[in-house]
Amino acid sequence: MRNTVKLPVVMATAACALAIQSQALAQDKVLNLYSARHYQTDEVMYDTFTKTTGIKINRVDADDAGIVARLRAEGAASPADVIMLVDAARMASADSQGLFQPIKSAKLDAAIPANLRADASKDGVTWTGFSTRARVIVYDPLRVKAADVATYEQLADPKLKGLVCTRSGSHPYNLSLFATVVERLGDAKGEEWLKGVVANMARAPKGGDTDQIKGVASGECGVAITNSYYAARLIKSSKPEDRAVMEKVRVVFPNQGTSGTHVNIAGAAVAKHAKNKDNAIAFMEFLSSPFAQDYFANGNNEFPAVKGLKVDNAALKAMGGDNFKAEQIPLGVVAKNMTKVQQMLDRTGYK
Ligand SMILES: [Fe+2]
């Protein structure tokens, strides 16, 4: 009797141990990804990661704000391992809310320029940019001379009175740009510049970047600011009316003779409470591979972030995007200057 009783106990223990072991193995082969990117081409990239590493990706898609809200609500119980967001201002904001953890990776240190990542601390780096986009100026050549829109600074020149269009000043794309302008010019001149831009507006800020380009083409605006991929999308569009918009406007990569054109990032970070941290770091490193860079960047007409990789995109090349001088200010300053810039926007009436 003893044996018949004992045997099932041993078996149960063994079965239990096996279950725990397989659970641990299963845990080792999973990555929970919260992503604000929704591009078809990214699917191939994720599949390739799974094929090469055996790590399955469970993906939660939401917009940037939705992801941040979800992480905050889930707290320490969050299953998120890696978070992908678009824009340095959003990265900096999520970081300041304690949603990321610093990581150390010699591979990422070697591949990604330091100015496209969060400022490093002794514990490592929180967020990393994996593709870049330029914040360019678009203008109507019938109303504005190229020489009058060669720099961001000129957007505040009274010569452009009644011509400037932008989306909301508080939008992360503008916050990031303004944060680096203020870093370069200093607080007093930076605020003066914002005041000048507001004084030059053709209308109150509204719409997205594509609306600003269309505003220039329609004659509502003479000059506008947009991310480069929106212009590239219109160039590549299957709709003749979109391509006609780009035929009416010109694109400038500003500040080529001085500080370089402001570039922003789409990036990723390891979640504060990641349960699969090793897999998360492996995924971040995979994103810096030439293979992933191609998918990551071209899916949305962006530029690769990895040092030495060149853009391979006809629409970006047509705009002059294959050879421009990019601003080198570390995007970590966006975190430092964000609140200050928002206060300046309030004071200058930049909606
Ligand atoms: Fe965008």
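Rules and cut-offs
- Residues numbered from 1 in each chain as written.
- Predicted model: local features only at pLDDT ≥ 70, side-chain atom pairs only at ≥ 80, totals over all residues.
- Heavy atoms only, no water.
- Helix = DSSP H or I, 4+ residues; strand = E, 2+ residues; numbered from the N terminus.
- Buried < 20%, exposed > 50% of the residue type's maximum accessible area, 1.4 Å probe, protein only.
- Areas by Shrake-Rupley, 256 points an atom, 1.4 Å probe, with all protein chains shown as cover.
- Lys, Arg positive; Asp, Glu negative; His and termini not counted.
- Charge placed at Lys NZ, Arg CZ, Asp CG, Glu CD.
- Disulfide = S-S within 2.5 Å.
- Arc of directions from axis to C-beta.
- Contact = heavy atoms within 4.5 Å.
- Donors = N, O, S within 2.8 Å, 3.2 Å for Na, K, Ca; no water.
- Domains from an automatic or database assignment.
- Buried area = accessible area lost by both parts, 1.4 Å probe.
- Salt bridge = Lys/Arg side-chain N within 4 Å of Asp/Glu carboxyl O.
- Polar contact = N/O pair within 3.5 Å; in protein donor to acceptor, adjacent residues only side chain to side chain.
- Nonpolar A, V, L, I, M, F, W, Y, C, P; charged D, E, K, R; others polar.
- Axes fitted to C-alpha atoms, helices over the stretch in contact; angles between N-to-C directions.
- Parallel < 35°, antiparallel > 145°, perpendicular 65-115°, else oblique.

> For this particular structure, what's the right way to read the overall build of the chain?
Per the secondary structure count, the chain includes 14 helices and 10 strands. Reported as C-alpha extents along the three principal axes, the dimensions of the chain are approximately 100 × 40 × 35 Å. Relative to its 351 residues, the chain shows a buried fraction of 53%. Counting every atom, the chain has about 15600 Å² of accessible surface; 56% of that belongs to carbon and sulfur. Within the chain, the 36 negative side-chain charges are centred at a point lying 2 Å from the centre of the 44 positive side-chain charges.

> Please clarify how the state of the cysteines should be interpreted in this entry.
Put plainly, a disulfide is one covalent bond tying together the sulfur atoms of two cysteines. Overall, the coordinates contain 1 disulfide when judged by the stated rule. Through a disulfide, Cys165 is tied to Cys221; the S-S separation comes to 2.0 Å. Of note, the bridge from Cys165 to Cys221 carries an S-S torsion of about -85° and is left-handed in sense. Taken together, the positions of Cys165 in strand β6 (residues 164-165) and Cys221 in the loop between α8 (209-218) and β7 (223-227) put the pair 56 residues apart, joining distant regions of the chain. Cys221 gets classed as buried once you look at its relative accessible area, which sits at 0%.

> Where do I start with helix α2 (residues 40-53) in this structure?
For the α-helix, the turn length of 3.6 residues means that residues three or four positions removed from each other point alike. Of the positions making up α2, those classed as buried are Asp42, Met45, Tyr46, Thr48 and Phe49. Considered in projection along α2, the buried side chains sweep an arc of 160° and stay on one side of the axis. Exposed residues lying more than 90 degrees from the buried face of α2 are Gln40 and Lys51. Tucked inside the fold, the buried residues of α2 contact β1 (30-35), β2 (56-61), β3 (82-86), α11 (277-287) and α12 (290-298). Just beyond α2, the residue with positive phi is Gly54, at close to 75°.

> Hey, could you run me through the coordination of the iron ion in this one?
Six octahedral donors around a metal ideally make angles of 90 or 180 degrees; four tetrahedral donors ideally make 109.5 degrees. Looking at the iron ion, one finds its protein donor set to be Tyr173 (OH), Tyr229 (OH) and Tyr230 (OH), positioned 1.9 to 2.1 Å from the metal centre. Positions of the donor residues of the iron ion along the chain correspond to the pattern Y-x55-Y-Y. Highlighted residues: Tyr173 in helix α6 (residues 172-185) and Tyr229 in helix α9 (residues 228-236), separated in sequence by 56 residues.

> Whenever I open this one, the domain arrangement of the chain confuses me. Can you help?
A common measure of how large an interface is: the accessible area buried when the components associate. Under the domain assignment used here, the chain contains domain 1 (2-131 + 264-311) and domain 2 (133-262 + 327-348). For domain 1 versus domain 2, the distance between C-alpha centres works out to 32 Å. Taken together, the contacts link 20 residues of domain 1 with 23 residues of domain 2. Together, the buried faces of domain 1 and domain 2 total about 1700 Å²; carbon and sulfur atoms form 55% of this surface. Here domain 1 and domain 2 share 1 salt bridge between them. Among the ionic pairs, Glu302 bridges to Arg133, the shortest N-O distance being 3.0 Å. If you look at where domain 1 meets domain 2, you find 8 residue pairs in polar contact (both at pLDDT 80 or more). Breaking the side of domain 1 that touches domain 2 down by element, the ones donating at least two residues are α4 (88-96), β5 (127-139) and β9 (263-271). The greatest single-element share of the side of domain 1 that touches domain 2, amounting to 5 residues, is contributed by α4. Grouping the constituent residues of the side of domain 1 that touches domain 2 by class yields 9 nonpolar, 6 polar and 5 charged.

> So what exactly am I meant to see when it comes to the packing of α4 against helix α14 (residues 332-348) here?
Between two packed helices, the angle of one axis relative to the other and the distance separating the axes together describe the packing. Taken N-terminus to C-terminus, the directions of α4 and α14 make an angle of 80°; their axes are 9 Å apart at the nearest point. Taken together, the axes of α4 and α14 lie roughly perpendicular to each other. Of the residues in α14, those in contact with Ala88, Ala89, Ala92 and Ser93 of α4 are Val334, Ala335 and Met338. Classifying every residue of the contact of α4 with α14 gives 6 nonpolar, 1 polar and no charged.

> Sorry, what's going on with the pattern of salt bridges here?
Between side chains of opposite charge, pairing is possible as soon as their charged atoms come close. According to the stated counting rule, one finds 18 salt bridges in the structure shown. Of the charged contacts, one joins Arg59 and Asp61 as a salt bridge, the two residues approaching to 3.1 Å between their closest N and O atoms. Take Arg59: its relative accessible area is 30%, and that puts it in the partly exposed class. In this structure, Arg90 and Asp64 form a salt bridge, with 3.7 Å as the shortest nitrogen-oxygen distance. In this pair, Arg90 sits in helix α4 while Asp64 sits in helix α3 (residues 64-74), placing the two residues 26 residues apart along the sequence. Under the relative-accessibility criterion, Asp64 is labelled buried at 11%.

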